[in-house]
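Analysis of the macromolecular model
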Amino acid sequence: MTLLVTWVMAETMEMGVPFDRILAAHTGVLLVGLFFGAVTLAVGAATGRKGPAMAVTGVWAVLGYVVVTVGRSVDAIAWLKWLSPFHYYASGQPLQQGLPVGEYLVLTGAAAVLGLTAVLAFDRRDVGV
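What this report covers is the structure whose coordinates are included nearby. What you are looking at is a predicted structure, and each value in this text was computed from that prediction instead of being measured.

Structural notes on unusual backbone geometry
For E14, which is not glycine, the phi torsion reads 55 degrees and is therefore positive. Its location among the elements puts E14 in the loop between α1 (2-12) and α2 (19-47). Despite not being glycine, Q93 has its phi angle at roughly 45 degrees, a positive value. Within the fold, Q93 resides in the loop between α5 (85-90) and α6 (94-97). For Q93, a relative accessible area of 35% corresponds to the partly exposed category.

Rendered as structure tokens:
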């Protein structure tokens, strides 16, 4: 739904952004969301508690965003960008250059590995049912 609304608004405002670029940006947002969802699921499955899962995900999201934005100006933390999913979303510049396949494959692979980790961690838990 947001894809359609964004495309209609871009056309209405004559922004000149083609549909494929809007689709590429939406795909990246989806992958970042899947990544953080998989992080939450993996930590929750490993610990059995939602508090640590939410805390780890929140801290990773905030610090990841800070590292990507501040790291452009501060060389001391610039190397940490490789740990941030926001780097793989923004570095490909989907609105300017289209679908960044390599960066999005990294996000997809990381989400898949975290999802598999969550399944394996949950399978080893004794839920007492």
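Regarding the packing of α2 against helix α7 (residues 101-123)
Running from N to C, α2 and α7 point in directions that differ by 25 degrees, and their axes come no closer than 8 Å. Taken together, α2 and α7 sit at an angle that is classed as roughly parallel. Handedness of the α2/α7 crossing: left-handed. Looking at the contact of α2 with α7 residue by residue, the classes come out as 20 nonpolar, 4 polar and no charged.

Side note on the packing of α1 against α2
The contact between α1 and α2 brings their axes to 10 Å, and the two run at 140 degrees. Once α1 is placed against α2, the crossing between them reads as right-handed. Contacts from T2, L3, T6, W7 and A10 of α1 reach α2 at F19, I22, L23 and H26. Within the contact of α1 with α2, the residues separate by chemical class into 6 nonpolar, 3 polar and no charged.

Procedures and definitions
Residues numbered from 1 in each chain as written. Predicted model: local features only at pLDDT ≥ 70, side-chain atom pairs only at ≥ 80, totals over all residues. Heavy atoms only, no water. Helix = DSSP H or I, 4+ residues; strand = E, 2+ residues; numbered from the N terminus. Buried < 20%, exposed > 50% of the residue type's maximum accessible area, 1.4 Å probe, protein only. Axes fitted to C-alpha atoms, helices over the stretch in contact; angles between N-to-C directions. Parallel < 35°, antiparallel > 145°, perpendicular 65-115°, else oblique. Left-handed = near helix turned anticlockwise from the far one by under 90°. Nonpolar A, V, L, I, M, F, W, Y, C, P; charged D, E, K, R; others polar. Contact = heavy atoms within 4.5 Å.

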